[in-house]
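One letter stands for each residue in the lines below.
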Amino acid sequence: MSFSERAQSKVLLGAYLAIESPYSAHLMGRAGFDWMLIDMEHSPLSARDATALVHALAVGSHGRCASLVRIPALGVEWVKWALDSGAAGVVAPMVQSAEEAQQLVRFARYPSAGGQRSFGPFNAPWADLEGDSDVAKYFGKTAAGVAVIAMVESREGLENAEAILQTDGISGVFIGPVDLRLSMGLTGADGAEPEYVEALTKFARLGKAAGKVVGIFSASPAAIQTHARMGFNFLLVAGDSTALVHGAKVALDGSAQA
Ligand code: 3PY
Ligand code: MG
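Residues numbered from 1 in each chain as written. Chains lettered and ligands numbered in written order. Predicted model: local features only at pLDDT ≥ 70, side-chain atom pairs only at ≥ 80, totals over all residues. Heavy atoms only, no water.

Quick look at the coordination of the magnesium ion (ligand 2) now. Looking at the metal site, the magnesium ion (ligand 2) is ligated by Glu 153 (OE) and Asp 179 (OD), spaced 2.1 to 2.2 Å from it. Here Asp 179 lies in helix H9 (residues 177-183) and Glu 153 lies in the loop between strand S5 (147-152) and helix H7 (155-159), a separation of 26 residues in the sequence. Judged by its relative accessible area of 26%, Asp 179 falls in the partly exposed class. (Donors = N, O, S within 2.8 Å, 3.2 Å for Na, K, Ca; no water. Helix = DSSP H or I, 4+ residues; strand = E, 2+ residues; numbered from the N terminus. Buried < 20%, exposed > 50% of the residue type's maximum accessible area, 1.4 Å probe, protein only.)

Both faces of strand S4 (residues 89-92) are covered, namely the face carrying Gly 89 and Val 91 and the face carrying Val 90 and Ala 92. In this sheet, S4 lies alongside strand S3 (residues 66-70) in parallel orientation, the contact comprising three bridges. Directly across from Arg 70, in S4, lies its bridge partner Val 91. Note that the unit made of S3, helix H4 (residues 76-84) and S4 has a crossover that is right-handed. Here four bridges tie S4 to S5, and the two strands are oriented parallel to one another. Within the sheet, the bridge partner assigned to Val 91 lies in S5 and is Ile 149. (Pairing = 2+ DSSP bridges. Right-handed = clockwise from strand over helix to strand, strands pointing away.)

The packing of two helices is summarised by the inter-axis angle and the distance between the axes. At a closest axis distance of 7 Å, the pairing of helix H2 (residues 22-30) and helix H3 (residues 47-60) adopts a crossing angle of 35°. The handedness of the crossing between H2 and H3 is right-handed. Listed contacts from H3 to Pro 22, Ala 25, His 26, Gly 29 and Arg 30 of H2 are Ala 52, Leu 53, Ala 56, Leu 57, Val 59 and Gly 60. A breakdown of the residues in the contact of H2 with H3 according to their chemical character gives seven nonpolar, three polar and one charged. (Axes fitted to C-alpha atoms, helices over the stretch in contact; angles between N-to-C directions. Left-handed = near helix turned anticlockwise from the far one by under 90°. Contact = heavy atoms within 4.5 Å. Nonpolar A, V, L, I, M, F, W, Y, C, P; charged D, E, K, R; others polar.)

A separate point is the environment of His 26. Positionally, His 26 belongs in helix H2. Given the relative accessible area of 24%, His 26 is considered partly exposed. Note: C-alpha distance between His 26 and Val 91 (65 residues apart in sequence) is 21 Å. Aside from chain neighbours lying at most four places away, what touches His 26 is Ala 56, Val 59 and Gly 60.

Have a look at this one:
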């Protein structure tokens, strides 16, 4: 089942990977998340790093955790490298208009699906644990279900949300609350300001109307509950670097009691 199909059937919980270690990706893959955001935007992961993380995640999770690569910017080479790894999807930051969403689709989909993606997924079989998979099988299977996700995280993107979501070939949107709030003159990753709540409600409603999936970074347990209730389909709820610090602190605090 593709990432989008799974996200339509239940709320998917995910984490980000910012550490360029396949071992770390392997461990995070074992934790039980439904999906993982491999973050090339705000961590300086190379295309080679991201490819290795996609493969380690597949092994660590026994193929159960979908890898979505967040590229640094909307460029054809980033999309190509992200997807040629065999990742289940690509996430492009700061998409502000239907034109940019169309460009993302052109880069990410093969001509048979309305795009201009060039063929060469030679690293993709390593993300497919069925062992007998080859590049031709990738074309017929993984590529057809690849999630093409536009990040909407600005006022302009909010205004154009309907057109972005209606773009053919776009699987859904992922909301970056920090950047969205900054563009609205607000700070932090969450809040109850009426204009912000209205914006999130609008995304959830438009996604449902378009039959597309809508995700968001949920910065706290309370935000997770709120976003799930609003109708968001996939949530980013943790990360490798924060988990490392949190786990170390818990151990240290426990030791301090001794
Ligand atoms: C944001 O909140 O702006 C993000 O990009 C979260 O991933
Ligand atoms: Mg952002």
